[in-house]
Structures are given as C-alpha cells and as structure tokens.
Amino acid sequence: MRPISRRQLLLLGGLGAASTAAGGAGLIWSLSSRPAPATGSQFIQPDELRSEGGQLQVRLEAAPGRLQLAGREVSALGYNGGIPGPTLRVKAGDTLKITLTNSLSQPTNLHVHGLHVSPENNGDNVFVAVGPGTSFDYEYRLPENHSPGLFWYHPHHHGIVADQVFAGLFGAIIVEDPEPIQASAERVLVVSDTAVDGSGSIGAASAMDRMAGREGGLLLVNGQSNPQFSAAPGQRERWRIVNACVARYLMLRLDGQKLQLLGRDSGRFEKPQDVDELILTPGNRADLLVTPAMGDSILRTFRYNRGSMAGMMGVGPAPGSATEGTEGTALATFRVSGESAAAPPALPSQLAPADLRESAVAARRQITLSAGMGMGGGGMMRFTINGREFDAARTDTTAAAGTVEEWTLVNTSPMDHPFHLHVWPMQVIGDDATGSSPDWRDVVNLPANRQVKVRVAFADFRGRSAYHCHILDHEDLGMMGVIEVR
Ligand code: C2O
Ligand code: CU
Ligand code: CU
C-alpha cells in the first residue's frame, strides 16, 4: 500500500478546503475571569474500569458539581464526579452493563457511540429517557467479532445533548485488540472544548451559537489545559484520541514526532499509515502510534473552516478566511529525553478490513442535509434531513436486515456537517475514500455543498436507531432521522 500524502489525509476526512480560518461562533473563556486556566500540569488519564470474565458492570451517575476543569473548580456536569467520566475497557464478546443514575435536574440517557450492539430495549436505545432522580439499567452485548478500537459514551436526550456534552458528560470506551499491540505507554486523550464564565459556570449558548454549532474557547485534554507528559526516545506510544467537542473540528499536528494512524473510528487499516496532520470531526476517533523523537513537541489543533450560517448571511467570516493566528492552540506538551529505548517489537498483523465495494447493493438512497432560512420557530433556521426535522415517533428509513445499502449523503448547506449513523459503521466509497484501503467510519464529514457515498451492511441487529449531524447543536435543532432495520 502506498503511503498516504498530506493531501490525501485532508481528503481522508472527506474534507474539501481546509484552512486555518474560524468557523463557528465564539463562546470564549473570558480572559478577564479569575483565576485563569492552569496549564502545564502533569497529564492525567481518566479512571479505568476493566471487564473481567466477560463482563463489566459499572454505575455511572450524571450529576452537577464543582468539578476540576483546567486546574480550577467549575460548576459543571460529570459522570462519577469527573470530566471525562471513567474509561470503560471491554473485549469483543463481553457484556457491558451500565446503571445510569440521573442526578441532574433534567432528563438524560446514554449512548455508546460507535459500538456495534443492539439498539433495542435496554441496549443502545436513544429513545429511552431517564428522568431526574431515576436510574436505568443498560446492557450491551458485544458480538464475538466486534471491532477493536476507541469508542465513547455521551447523553443523547434530544434537544439538550449539546448542553449536556458541553457541560462535561462524556467518557471513553476501549474495545481491546484481540492480539495486544506492545507499547511503552498507552494514552487516552479525550479532547473537548467548553466555555467558563466569570462566576466559574459553563457558559450558555445563544441562538447564533446553536445555529453555527457552539465552540468553546477553552480546549481540554482529559479536562486539563495543555497537560504535559514525557517519554524516552525510540519507544512506541499508543495514543487514542476522541473528539468530544460539540461542534469544533480538530486539525491535529504533533510536529517533530513520527505518527502512524492505525485506524479511525471503529475502522482499522491493514497497515498503519504515516500521517503528519489529522482532521477529526466531532465524534471521530483516531488510534495512533507515536515514535518519540528527542525534544519537546506540542500537540496542537488548528482551525478548520467548516463554513457557517453566519457566513451565509454575510455577517461572519467567509469560508477560507483566516481569523486566527497560524500557530494553533496547544492541547498537550510531549517531552522526549533520556537514553534511547530498545526498538519496540513488530506490530501484530491486522485482519484485512471488510470491503463492501464488490457487494450486491439491495437499495440506494439519498439522504439530504439542509439548513433553511427563516421558517423555524423563534427565529431559528431549520436544520433538516430530507426536508424534515427529527420526530422520534416517525421512522424515516427502513432497511432490510442482512442487506447492504448505498447511501448518497448530500449536503446542500454552506457549512460542513459530520454525518453519523448509529450501530452500523459506514464504508466511504469513491473519491472521498482513502486510497485503495477500505475506509470505515461512523462519522463521515459532508463538506459544504458536496456529497459523499457510503455503503452500510445492516448485519447482526434489528430495531430502531438514529442518524444525525454530529454537530450536536444541529442534532438538537432537528438534523436527525430514525432508521429501522427489520
Ligand atoms: Cu455520538 Cu448519536 O452520537
Ligand atoms: Cu453515536
Ligand atoms: Cu450540522
């Protein structure tokens, strides 16, 4: 397989014009607020809970509190008192049982993003609402052939998903590799953004923020601002990165270090691909190998211009314009020093990824995401899929279990939308796919005014679930549809 070029990498996200311009609205950590975020502290990983004997049983309590964020106490929401919540480590074939307790003052629920599990009953059922002061027992059975990788959990109660994620409700899930990859360190980096006001509370979003997709001025890794960690040269580190931001696209670089991408979302390439820049839309994950080279390197994120409704109305930055310096924002600092470590053992070979390009296609559909001016209530624009706003009682798409479908995902709006399908991963087909390797995602970027083709195998599970824009404000505004597989 030929190595991937930077240009292809940009396309890997299905992304057209990438630039350092600003996209969304600005909810900003007010620089005058005291105390300012503490940066440069030692990197901390979320607590880890591991399955044993084929089962992991955990309690997650979603609750408000004074929580540690960027080294200070902030009134926020967390699972089990932390931002992020604990990392859940399971294996293919395991049963994951989660008792979710809602100690919030509003409804919530739980979604296991990317896991290939049943959407029915007390599985990954986003139609369940867990009221304030109540609990719900979720049970997810991972098939024996479940893909290894990084997944995550977050609330999915329609209308307030963005608020709850922005306030701190998210955590990572790891499905272990069948054959472990030897690494001197394995790190989970949950990247989020938020806004904290002068009184130490999470900032509220305006109507404009919601239409653009809110972006917080405070960027965090595991709830920390620019934490640091160190390694010796020549080792092999494994970094698992999730973009848990409500709307912000990450364009990541770690200059001075060698990066190899094992896979994205639940997908895994046959061979790791060399990368120097990586775009993650909200919801996307990256599974990376880092070979430490002497010196200090900063993991930075750069502005990706995803267009904006404001731009469409001529009051915001036009796509392609730069509104921020080119130095990006530091997410974490990686210090490499000392004696060179012995070279790491060879990587276990990966199974060839599934490939639907030659499969018989049972149905072809077009799914169109639009953002319309004016017609909604309260002066909001309408965010629709196939012309309709989300209605939990309506089934928009019915697919036959056991078949493969081809979907043309069309974006008619002047801003990008990251399209996400629950339960069943998507293989990107055609020009937007990465080279010749099958390219699997569960969140696929739809650039402004463009379309992308994907194929989906509706294997293993039946039931009702959802697809939506993973700019969570757009999902809350109605850019979501219901699929039933039967
Ligand atoms: Cu990560 Cu339906 O969402
Ligand atoms: Cu999801
Ligand atoms: Cu969107």
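Because the structure is a prediction, the values reported are computed rather than measured. (Residues numbered from 1 in each chain as written. Chains lettered and ligands numbered in written order. Predicted model: local features only at pLDDT ≥ 70, side-chain atom pairs only at ≥ 80, totals over all residues. Heavy atoms only, no water.)

A.B. asks: Would you take a moment to explain the coordination of the copper ion (ligand 3) for this structure?
C.D. replies: Working reference: metal with six octahedral donors, ideal angles 90 or 180 degrees; metal with four tetrahedral donors, ideal angle 109.5 degrees. Here the copper ion (ligand 3) is held by His-417 (ND1), Cys-469 (SG) and His-474 (ND1), and the distances to it run 2.0 to 2.1 Å. Expressed as a motif, the donor residue spacing for the copper ion (ligand 3) is H-x51-C-x4-H. One exposure class covers both Cys-469 and His-474, and it is buried. (Donors = N, O, S within 2.8 Å, 3.2 Å for Na, K, Ca; no water. Buried < 20%, exposed > 50% of the residue type's maximum accessible area, 1.4 Å probe, protein only.)

A.B. asks: I tried to follow the pairing of strand E18 (residues 285–291) on my own but got confused; where do I start?
C.D. replies: In summary, the side chains of a regular strand alternate between the two faces of the sheet. Among the 7 residues in E18, 6 count as buried, and that is most of the element. Pairing of strand E13 (residues 237–243) with E18 involves 6 bridges; the strand directions are antiparallel. Counted as the bridge partner of Glu-237 is Val-290 from E18. Pairing analysis gives 6 bridges linking strand E15 (residues 258–264) to E18, with the strands arranged antiparallel. Paired with Arg-264 across the strands is Ala-286, a residue of E18. (Helix = DSSP H or I, 4+ residues; strand = E, 2+ residues; numbered from the N terminus. Pairing = 2+ DSSP bridges.)

A.B. asks: What exactly am I supposed to notice about the sheet that holds strand E7 (residues 135–141) here?
C.D. replies: Strand pairing in a sheet relies on backbone hydrogen bonds, with the paired strands running either antiparallel or parallel. In spatial order, the strands read E3-E2-E5-E7; together these 4 strands make up an open sheet with mixed pairing. Sheet topology places strand E3 (72–79) and E7 at the edges, where each strand pairs with a single neighbour. Geometrically, the sheet is characterised by an average inter-axis angle of 25 degrees between neighbouring strands, direction not taken into account. Pairing geometry for strand E2 (residues 55–69) and strand E5 (residues 95–102), over 8 bridges, is parallel. Note on E5: the bridge partner recorded for Glu-61 is Thr-101. (Axes fitted to C-alpha atoms, helices over the stretch in contact; angles between N-to-C directions.)

A.B. asks: For this particular structure, what's the right way to read the nonpolar core?
C.D. replies: Soluble globular proteins tend to bury their nonpolar side chains together. Formed by 90 residues in total, the largest nonpolar core has its most connected members in Trp-407 and Phe-419. Among the elements that make up this core, the one with the highest residue count is E2 (6 residues). Counting residues in hydrophobic clusters, the runner-up holds 27 residues, among them Leu-219, Val-221, Phe-334 and Val-336. (Core = buried A, V, L, I, M, F, W, Y, C linked by side-chain atoms within 4.5 Å.)

A.B. asks: What am I meant to see in the packing of aromatic side chains here?
C.D. replies: Both the distance between ring centres and the angle between the ring planes are used here to describe each pair of aromatic rings. One pass over the structure, following the stated rule, counts 13 aromatic pairs. Both rings, one in Tyr-249 and one in Tyr-304, keep their centres 4.9 Å apart while their planes meet at 10 degrees; by these two values the pair is stacked. Residue Tyr-249 is located in the loop between E13 and strand E14 (250–254), and its partner Tyr-304 is located in the loop between strand E19 (295–302) and helix H4 (309–312); the two are separated by 55 residues in the primary sequence. Taken individually, Tyr-249 and Tyr-304 each receive the classification buried, so the pair is uniform in this respect. Members of the aromatic cluster, joined through ring pairs, are Trp-407, Phe-419, Trp-424, Phe-458 and Tyr-467. Taking NZ or CZ as reference, Arg-214 lies 5.5 Å from the ring centre of Phe-166, over its face. Stacked on the ring of Phe-127, the Lys or Arg Arg-464 has its end atom at 4.8 Å from the ring centre. (Phe/Tyr/Trp six-rings, centres within 6.5 Å; stacked < 30°, edge-to-face > 60°. Lys NZ or Arg CZ within 6 Å of the ring centre and 35° of its normal.)

A.B. asks: Quick question: what am I supposed to make of the coordination of the copper ion (ligand 2) here?
C.D. replies: Around the copper ion (ligand 2), the protein contributes the donor atoms His-111 (NE2) and His-420 (NE2), at 1.9 Å from the metal centre. Taken as a pair, His-111 in strand E6 (residues 111–113) and His-420 in strand E25 (residues 417–421) lie far apart in primary sequence, 309 residues in all. Residue His-111 is classed as buried on the basis of its relative accessible area, which comes to 1%. Look at His-420 and you get buried, because its relative accessible area is 0%.

A.B. asks: Before we go on, may I ask you to explain the sheet that holds strand E10 (residues 185–194) in this structure?
C.D. replies: Spatial ordering of the open sheet is given by E11-E10-E13-E18-E15-E16, a layout of 6 strands whose pairing is mixed. The open sheet is flanked by strand E11 (218–221) and strand E16 (273–275), the only strands paired with a single partner. Pairs of neighbouring strands in the sheet enclose a mean axial angle of 30 degrees, with direction left out of account.

A.B. asks: Can you help me understand the pattern of salt bridges in this one?
C.D. replies: A pair can form between side chains of opposite charge whenever their charged atoms are brought close. Within the structure shown, the criterion is met by 33 salt bridges. A salt bridge links Arg-50 to Glu-176, with the shortest nitrogen-to-oxygen separation between them at 3.7 Å. Here Arg-50 is found in strand E1 (residues 48–50), whereas its partner Glu-176 is found in the loop between strand E9 (171–175) and E10, with 126 residues between them in sequence. Among the ionic pairs, Arg-486 bridges to Glu-484, the shortest N-O distance being 3.5 Å. Here the salt bridges share partners, and the residues they tie into one network are Glu-48, Arg-50, Arg-89, Glu-176, Asp-177, Glu-186, Arg-238, Arg-240, Arg-268 and Asp-287. (Salt bridge = Lys/Arg side-chain N within 4 Å of Asp/Glu carboxyl O.)

A.B. asks: Whenever I open this one, the confidence of the model for the protein chain confuses me. Can you help?
C.D. replies: It should be kept in mind that the predicted coordinates are not to be read in detail where pLDDT is low. The predicted model of the protein chain has a mean per-residue pLDDT of 89, with 87% of residues at 70 or higher. Ignoring residues within four places in sequence, the model shows residues 1–34, a span with pLDDT below 50, making 118 contacts including any to other chains. In the model, residues 314–324 has pLDDT below 50 throughout and makes 24 contacts with residues more than four positions away in sequence or in other chains. (pLDDT = per-residue confidence, 0-100. Contact = heavy atoms within 4.5 Å.)

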